[in-house]
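Residue-level listing of the chains:
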Amino acid sequence: MDYQDIIKDWKSNKFRPLYWLEGEEDFFIDQVVDYAEHHLLSEAEQGFNLTVLYGKDTDWATVVNACRRYPMFAERQVVILKEAQAMKDLLKLETYIEQPLGSTIFVVAHKQGKIDGRSKTAKLIKDKGVVLSTKKMYDNQIPAWAEAYVRSQGLGISEKACVLLADHIGNDLSRIANEIDKLKVNLPAGKKIDESDIEKYVGISKEYNVFELQNALGMQDMGKVMRIIKYFSANPKAAPIQMVIPALYNYFAKISLLFGVKGGEKEMAAAIGVHPFFVKDYLAAARKFGPDGAERAILLLHQYNLRSIGINDSGNEDGELMKELAFRMLRP
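Residues numbered from 1 in each chain as written. Predicted model: local features only at pLDDT ≥ 70, side-chain atom pairs only at ≥ 80, totals over all residues. Heavy atoms only, no water.

**A short note on the overall build of the protein chain**
- Across its full length, the protein chain carries 16 helices and 7 strands.
- By principal-axis analysis of the C-alpha atoms, the protein chain measures approximately 75 × 45 × 45 Å.
- Here the protein chain holds 332 residues, and the buried ones make up 48% of them.
- Looking at the protein chain alone, contacts between residues at least 24 apart form 74% of all its contacts between residues at least 6 apart.
- Taken as a whole, the protein chain presents about 17,100 Å² of accessible surface, with 49% of it coming from carbon and sulfur. (Helix = DSSP H or I, 4+ residues; strand = E, 2+ residues; numbered from the N terminus. Buried < 20%, exposed > 50% of the residue type's maximum accessible area, 1.4 Å probe, protein only. Contact = heavy atoms within 4.5 Å. Areas by Shrake-Rupley, 256 points an atom, 1.4 Å probe, with all protein chains shown as cover.)

**Examining the nonpolar core**
- In this structure, Trp-145 and Phe-252 are the most contacted members of the largest nonpolar core, which totals 92 residues.
- Broken down by element, this core gets its largest block of residues, 12 residues, from helix H15 (residues 279-308).
- Residues Trp-20, Leu-81, Ala-84 and Phe-106 belong to the second largest nonpolar core, which totals 22 residues. (Core = buried A, V, L, I, M, F, W, Y, C linked by side-chain atoms within 4.5 Å.)

**Some thoughts on the side chain of Arg-76**
- Counting through the fold element by element, Arg-76 comes out in the loop between helix H4 (60-67) and strand S3 (77-82).
- Residues in contact with Arg-76, not counting those within four places in the same chain, are Phe-15, Leu-41, Asn-49, Pro-71, Ser-103 and Ile-105.

**What about the packing of helix H13 (residues 241-258) against helix H14 (residues 265-272)?**
- The interhelical angle for the contact between H13 and H14, taken along N-to-C directions, is 135°, at an axis separation of 9 Å. Comparing their axes, H14 and H13 come out oblique. Note on packing geometry: the crossing formed by H13 with H14 is right-handed. Together, Lys-254, Leu-257 and Leu-258 of H13 and Met-268, Ala-271 and Ile-272 of H14 make up the contact between the two elements. (Axes fitted to C-alpha atoms, helices over the stretch in contact; angles between N-to-C directions. Parallel < 35°, antiparallel > 145°, perpendicular 65-115°, else oblique. Left-handed = near helix turned anticlockwise from the far one by under 90°.)

**Quick word on a nonpolar patch on the surface**
- There is a patch of nonpolar side chains on the surface, built from Phe-48, Met-72 and Phe-73 and spanning about 390 Å² of accessible area.
- With respect to the secondary-structure elements, Phe-73 resides in the loop between H4 and S3. (Patch = residues over 30% accessible without salt bridge, like charges linked within 9 Å, V, L, I, M, F, W, Y side chains within 5 Å. Salt bridge = Lys/Arg side-chain N within 4 Å of Asp/Glu carboxyl O.)

**With respect to the pattern of salt bridges**
- Applying the stated criterion to the full structure yields 16 salt bridges.
- Here Asp-116 ties to Arg-118 by a salt bridge, and the two come within 3.1 Å at their closest N and O atoms.
- For Lys-160, the salt bridge is made with Glu-212, and the minimal N-O distance between the two is 2.8 Å. A residue pair is termed long-range when its members are at least 10 positions apart, and Lys-160 in helix H8 (residues 159-169) and Glu-212 in helix H11 (residues 210-218) qualify at 52 residues.
- You can call Lys-160 partly exposed: its relative accessible area is 27%.
- Note on Glu-212: relative accessible area 6%, which makes it buried.

**Regarding the packing of aromatic side chains**
- With the rule as written, the count across this model stands at 17 aromatic pairs.
- With a centroid separation of 5.9 Å and an interplanar angle of 70°, the aromatic rings of Phe-48 and Phe-73 are classed as edge-to-face. Here Phe-48 is found in helix H3 (residues 43-49), whereas its partner Phe-73 is found in the loop between H4 and S3, with 25 residues between them in sequence.
- What makes Phe-48 exposed here is its relative accessible area of 52%.
- Cluster of aromatic residues (ring-pair linked, three or more members): Tyr-3, Phe-27, Phe-28, Trp-145 and Tyr-149. (Phe/Tyr/Trp six-rings, centres within 6.5 Å; stacked < 30°, edge-to-face > 60°.)

**Quick notes on the sheet that holds strand S1 (residues 18-23)**
- Ordered by their spatial adjacency, 5 strands build an open sheet running S2-S3-S4-S1-S5, and the pairing between neighbours is parallel. The strands lining the two open edges of the sheet, one partner per strand, are strand S2 (50-54) and strand S5 (130-134). When strand polarity is set aside, the average angle formed by the axes of neighbouring strands in this sheet is 10°.
- By the bridge criterion, 6 bridges tie S1 to strand S4 (residues 104-111) in an arrangement that is parallel. Bridged to Trp-20 within S4 is Val-108.
- Across the sheet, helix H2 (residues 26-39) touches S1, S2, S3, S4 and S5, and the angle it forms with S4 is around 155°. (Pairing = 2+ DSSP bridges.)

Shown next as structure tokens:
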């Protein structure tokens, strides 16, 4: 079940006695936990009927006793176990899960992994409650997710602004959501977010960023490449080399994939995982580099990634490494 489905059910007063939230993506788990903590009960009901426990500070017996209490002056009580992965004897909760109390909504947040699906506890959870299993999104899924989140906040966003935001932050959904929430506060309802808004409120330069660097490399525009790298050198936090190299690796890997794709731009965009709006830029770069040039760029990125962490390098500054890398990519 999706996290939004759980919240939708709750808004419709549809409840199960157990919600087990697990996996690698904290954002989805946090959204459900936040709603359970702040919206399932009225403010007056929370004083007597909301219990929040932390796995590292509690034990299974305390959790079970909390769940077996009856609500006071309310139809239901809510018990939330945060950081469940840190609780010793977590699997002993099965004594309660076998016969959960109908008036208790028990929400378990188990981050950083999943319990063994073959265990008795896992089977009980599926039988008695709702399981939300999360995993990290792939980088190529982030722009679409960010665009959907923007729409859910009553705003729009341009394709370039969306990719700029996603490329700069990566697959940290919580941070992306926080930046979008910040934009919502500062912009009028219905506003279409553009690159200027990203620059002003998020702090990402619309001219000097990894997205513009990869486009400049793709067009083999040495002047623009050097200007961007010079900016990165003067502003190390804007784009550290440890962020730049993986982004460029993904860029050239996508270009390499294009040489084996048949079909039109729509099929190509789907094959390399980019918005159709940008596929023309990738095709232009593919024509300039060719398959050998793209492969050579990937090999250089691997080499300079090692040098950036001190392997086969005498201690060059990141800016010097990026300049040298760019020269070797564009001037074989």
